[in-house]
Amino acid sequence: MTTTRLSSTDSVNIPGWGWQPFLEDAVQALKPLNLEPYPVAEDFLYKQDQTGSKAKPVTVTTATWACKTDKFRQVRAACVYGGAAASVLNFVINPSARFDLPFFGGDLVTLPSGHLLALDLQPADKSDPIHTQHVWDKLIPIFERWRSKLPDGGPIPEEAQPFFSPGFLWTRLPLGDEGEHLINTVVRPAFNDYLSLYLELTEAAQPVPDQRRDHLLAGQRRYTDYRAEKDPARGMLTRFHGRDWTEKYIHTVLFDL
Ligand code: DBV
C-alpha cells in the first residue's frame, strides 16, 4: 500500500475507495494538457486518522490530487474515504481568470444515508451572457440527456442560486445495486461528458484583456468565498481530521483563490 505521495500529481490509491474510476477518467482526460504539479503541503497530500469509538475505530483517509496547466489556475480532487461512513470525490477545475470559462465542479458523495451526486459548469458571473451563453447552449442538451435518467435531488439553498448553471445535474440515489447501477451507467458517462465539454470550451478559449480579467476574477472570488464559507464537508472533515487541519485545508487547498 502506497501511503507516501510526494507530488500532487502522483496517483491517489486509497484501498476500497469507490470513486477511483472517476478520478482516473479525469486524469486521463487531462493528460494531453501538459500537467504541472500544483503545490500542496505534505499534510494535505495524504492524511490518515482514526475516528469512531474506541471499541470500533474507523480509519479515515483524505488525499489530494492537484495540477495546473496554461489555462487552469488549479485543478484539484479531494478524495475522502472512511469505509461505510463516507466516500467522497470532490473535483473542481479553477480556470485562469484570463479566460471566459466557468468552473468545472463535481461532488460525488456516499454516506450511510445514500449517494449525493452533483455535476455542473458553474459561472463566475451568472448575470453576464457573454460569460454564460456559449457554455449553456452546449451544456443544456447534455444535461437534458442525463437528467432524464436520474431522480431529481430536491431543493438546494436559495443563496446558492447565483453559483449554479441551468445544467446543474443533481441527484440522490439509494445505496445498493440499483444506485451502483445508475452510478456506472449514468453518472460516470455524465461526468465524462461534462468534462469533455469543459475541455472543448477550454481549448477554444482565447485570452481576454486586463479589464475583463479583473471582472472575471472578482466573480471567481465571490464563488470561491461562498464555497469555502458553506462547504458542506466541513463537519465531516472536522470529525475526521480536527478543526485546525480542516480550516487550513478548506482555505489554503480546496478554495485557495
Ligand atoms: N463538498 C465540497 C467539498 C467536499 C464536499 C470540498 C471534500 O464542496 C463533500 C469534500 N458535499 C460533500 C459532503 C456532503 C455534500 C453535500 C460530505 C454531504 C454533507 C452532509 O449531508 O453531511 C453540491 N453537495 C452537497 C449538497 C450539495 C452539494 C447541494 C447538499 C448540501 C446540503 O445538504 O446542505 N458541492 C455542491 C455543488 C458542487 C459541489 C453544486 C459543485 C458542482 O462541489
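Residues numbered from 1 in each chain as written. Predicted model: local features only at pLDDT ≥ 70, side-chain atom pairs only at ≥ 80, totals over all residues. Heavy atoms only, no water.

**What about the packing of helix α1 (residues 20-30) against helix α4 (residues 177-204)?**
In contact at an axis separation of 11 Å, α1 and α4 are set at 25° when each is read in the N-to-C sense. Classified by the angle between their axes, α1 and α4 sit roughly parallel to one another. Judged by the twist between their axes, the crossing of α1 over α4 is right-handed. Between α1, through P21, F22, D25, A26, A29 and L30, and α4, the contact on the second element is made entirely by I183, V187, R188, F191, N192, L195 and L199. (Axes fitted to C-alpha atoms, helices over the stretch in contact; angles between N-to-C directions. Helix = DSSP H or I, 4+ residues; strand = E, 2+ residues; numbered from the N terminus. Parallel < 35°, antiparallel > 145°, perpendicular 65-115°, else oblique. Left-handed = near helix turned anticlockwise from the far one by under 90°. Contact = heavy atoms within 4.5 Å.)

**Some words on unusual backbone geometry**
Phi at N34 takes a positive value of approximately 65°, unusual for a residue other than glycine. With respect to the helices, strands and loops of the structure, N34 is situated in the loop between α1 and β1 (36-37).

**Examining the nonpolar core**
Within the largest apolar cluster, 50 residues are counted, with the highest numbers of intra-cluster contacts made by L23, L89, F91 and F104. Beyond its immediate chain neighbours, meaning those up to four positions away, F91 contacts L23, A26, L30, V75, R76, A77, F104, G105, G106 and F191. (Core = buried A, V, L, I, M, F, W, Y, C linked by side-chain atoms within 4.5 Å. Buried < 20%, exposed > 50% of the residue type's maximum accessible area, 1.4 Å probe, protein only.)

**Looking at helix α5 (residues 210-230)**
The terminal C-alpha atoms of α5 lie 30 Å apart, and with 21 residues this matches the ideal 30 Å at 1.5 Å per residue to within 8%. Listed in full, the buried residues belonging to α5 are R212, L216, G219, Q220, Y223, T224, Y226, R227 and A228. (Expected span 1.5 Å × (residues − 1).)

**Observations concerning helix α3 (residues 129-147)**
The end-to-end C-alpha distance of α3 is 24 Å, clearly below the 27 Å that 19 residues give at a rise of 1.5 Å each. Largest kink in α3: about 40°, centred on W136. Contacts from the buried residues of α3 go to β7 (114-122), β8 (169-173), α4 and α5. (Bend = angle between axes of the 7 residues up to and from the residue.)

**Quick look at the site of the ligand**
The immediate surroundings of the ligand are formed by 22 residues, with N90, D107, F164, R227 and D231 found nearest. Separating an oxygen atom of the ligand from a side-chain N or O atom of N90 is a distance of 2.9 Å. Between an oxygen atom of the ligand and a side-chain N or O atom of R227, the distance comes to 2.7 Å. Isolated, the ligand exposes 850 Å² of accessible area, and the fraction of that covered by the protein chains is 79%. Elements represented by at least two residues in the shell around the ligand include exactly β4 (72-81), β5 (87-95), β6 (103-111) and β7. A total of four residues in the shell around the ligand trace back to one element, the largest contributor, which is β6. A class-by-class count of the residues in the shell around the ligand yields 15 nonpolar, three polar and four charged. (Near = heavy atom within 4 Å. Polar contact = N/O pair within 3.5 Å; in protein donor to acceptor, adjacent residues only side chain to side chain. Areas by Shrake-Rupley, 256 points an atom, 1.4 Å probe, with all protein chains shown as cover. Nonpolar A, V, L, I, M, F, W, Y, C, P; charged D, E, K, R; others polar.)

**Side note on the pattern of salt bridges**
With the rule as written, the count across this model stands at twelve salt bridges. For the salt bridge of R147 with E144, the shortest nitrogen-to-oxygen distance reads 2.7 Å. Of this pair, R147 and E144 both sit in helix α3, separated by three residues, roughly a single helical turn. The partner of K230 in a salt bridge is E159, and the shortest N-O contact between them spans 3.6 Å. Of the two residues, K230 is situated in helix α5 and E159 in the loop between α3 and β8; the sequence distance between them amounts to 71 residues. Overall, E159 belongs to the partly exposed group, its relative accessible area being 42%. Ionic contacts of the salt-bridge type, sharing partners, join the residues D100, D128 and R212 into one network. (Salt bridge = Lys/Arg side-chain N within 4 Å of Asp/Glu carboxyl O.)

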